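# Per-entry structural report
So the chains spell out like this:
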Protein chains: 2
Amino acid sequence: MPFPWRSAMSQSIEFWFDFASTYSYVAALRVEALCEVAGLKVNWKPFLLRPLFTEQLGIRDSPFNAFPVRGRYMWRDLERLCAKYSLPWCRPKAFPRNSVLAARVACVAGEESWGPEFVRAVFRANFADDLEIGDASVLADVLDEMGLPSKEILQRAVSPEIKDRLRAHTTEASTLGMFGAPTFLVSGEMFFGQDRLEDAIRWAVTR
Amino acid sequence: MPFPWRSAMSQSIEFWFDFASTYSYVAALRVEALCEVAGLKVNWKPFLLRPLFTEQLGIRDSPFNAFPVRGRYMWRDLERLCAKYSLPWCRPKAFPRNSVLAARVACVAGEESWGPEFVRAVFRANFADDLEIGDASVLADVLDEMGLPSKEILQRAVSPEIKDRLRAHTTEASTLGMFGAPTFLVSGEMFFGQDRLEDAIRWAVTR
């Protein structure tokens, strides 16, 4: 019980993530359990990093590829973090994978009860099972295994309404001053990086 | 007592820092106390970030200035971190300050007993008292207040031997695959960022 002082109010924490992001994977598998203990609701916020990287860094790839010294460290660090938190880990053959369709499905999920489990399943597909999460068939398998109507959901994922919703998330991330993922947002305070999850929770429950 | 399982061997941890680096400030003021509890010796490794940034990112400034969205977050984050760890904090009027001479003096200190206190005093001068640590007079004041022969030490700091030593540190940092500061090195394992200090210590005492 790392956070025994449960929030008195129905406080919440926004978890901003990109399915292509390695550190988002670690955070996605940890965030709900920690928040539950602290009495916090998680608001899941899928967005796309690539437009932010292009806008802010002038690159069209992951910074971990564009700056390979940084990338080499990241891959080793991920192994260690997954060992630390007892998470499965397999360095994916492709990186970063196209996360647009998966993020749109997460937008379809919205506030529905299957959302969190879908997010975790896609992250595991990418970083534990090394599956091509950019393929609709992989996402269909994930949805089918959850007993969900994959065909309808994937159709809805490419509707103009859902495309706009994901674009709006990404624009909001940029407006809020985000520059990477995962990012946690608590009452206007931003915490960047999976290793700051505990700080974000502490912020939420102590004010 | 966050690390009650003291290291049985005389293990050590290398702390790589740049006096211009904000997150190095936080780590510099925390590292020795935590390592002492864990039974670890700290090896202080001053180096210069600028050559690494130029080499790896193609920039001649701090990434926090070159990428201002990242920089805006960093300044707020530093306020919060200093509050969290009860450290004094004053956002410096100039950033990044020229850290070459201070790093050379830290090289003069080497393994001498006044090294750690000098390092902390210079970091406090930069980030708590907003003093121009690039000025020899500021460093002389720091040394004088410690009761040290400032004139001799500052003369030795600009000797070819000491200049070479700092250059060697920076080259070694680059060769080891470093890309920022602070960085902790434990038995060949690298941990980047002040928020990974505890992970580095855990690594050292559990193997």
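Counting restarts for each chain, with residues numbered from 1 along the sequence as it is written. By the order in which they are written, chains take letters starting at A while ligands take numbers starting at 1. A pLDDT threshold of at least 70 governs which residues receive local features in this predicted model, and a stricter bar of 80 or more applies before side-chain atom pairs are shown or counted, although totals over entire chains, interfaces and linings include all residues. Hydrogens and waters are ignored; side-chain quantities use all the structure's heavy atoms.

## Digging into helix α7 (residues 136–145) of chain B
All names here are of chain B. Residues V138, L139, A140, V142 and L143 constitute the buried set of α7. Packing partners of the buried residues in α7 comprise α5 (100–109), α6 (115–127) and α8 (150–157). After α7 finishes, the residue G147 shows a positive phi value of roughly 75°. Think of it in three bands: residues with accessible area under 20% of the maximum for their type are buried, residues over 50% are exposed, and the middle band is partly exposed, with areas taken using a 1.4 Å probe on protein chains only. Strands here are runs of E lasting at least two residues and helices are runs of H or I lasting at least four, both read from the DSSP assignment and numbered beginning at the N terminus. Here, residues are in contact when the closest pair of their heavy atoms is within 4.5 Å.

## Some thoughts on the environment of L34 of chain B
Note on placement: L34 of chain B falls in helix α1 (residues 22–38). For the pair L34 of chain B and E198 of chain B, spaced 164 residues apart in sequence, the C-alpha to C-alpha distance is 8.2 Å.

## Section: helix α10 (residues 197–205) of chain B
Taking burial as the measure, the nine residues of α10 of chain B include seven buried ones, the bulk of the element. Buried-residue contacts for α10 of chain B involve α4 (68–84) of chain A together with β1 (12–17), α1, β3 (183–186) and β4 (189–192) of chain B.

## Some points on the packing of helix α1 (residues 22–38) of chain A against helix α10 (residues 197–205) of chain A
All names here are of chain A. Between α1 and α10, whose axes approach to 11 Å, the crossing angle comes to 25°. When the axis of α1 is compared with that of α10, the two are roughly parallel. The interaxial crossing formed by α1 with α10 has right-handed handedness. For the pair α1 and α10, contact is made by R30, V31, L34, C35 and A38 and by L197, E198, I201 and V205, respectively. Each residue is assigned to one of three groups, with Ala, Val, Leu, Ile, Met, Phe, Trp, Tyr, Cys and Pro labelled nonpolar, Asp, Glu, Lys and Arg labelled charged, and all others, Gly among them, labelled polar. Its residues assigned to classes, the contact of α1 with α10 shows seven nonpolar, no polar and two charged. Here the axes come from fitting lines to C-alpha atoms, over the contacting stretch only for helices, and the angles between their N-to-C directions go from 0 to 180 degrees. The cut-offs work like this: below 35 degrees is roughly parallel, past 145 is roughly antiparallel, 65 to 115 is roughly perpendicular, and the gaps in between are oblique. Crossings are assigned a handedness: left-handed for a near helix turned anticlockwise from the far helix by less than a right angle, right-handed for a clockwise turn.

## Digging into the interface of chain A and chain B
Counting residues at the interface gives 24 residues for chain A and 24 residues for chain B. As used here, buried area is the combined drop in accessible area, with a 1.4 Å probe, of two parts when they are placed together. When the two sides are added together, the surface that chain A and chain B hide from each other amounts to roughly 2100 Å², 54% of it contributed by carbon and sulfur. Of all residues in chain A, Y73, R80 and R196 of chain A give up the largest surface area on contact with chain B, accounting jointly for 26% of the area buried on that side. Criterion for a salt bridge: a side-chain nitrogen of Lys or Arg within 4 Å of a carboxyl oxygen of Asp or Glu. Scanning the region where chain A abuts chain B turns up eight salt bridges.

By themselves, these figures tell us nothing about what the structure is for.
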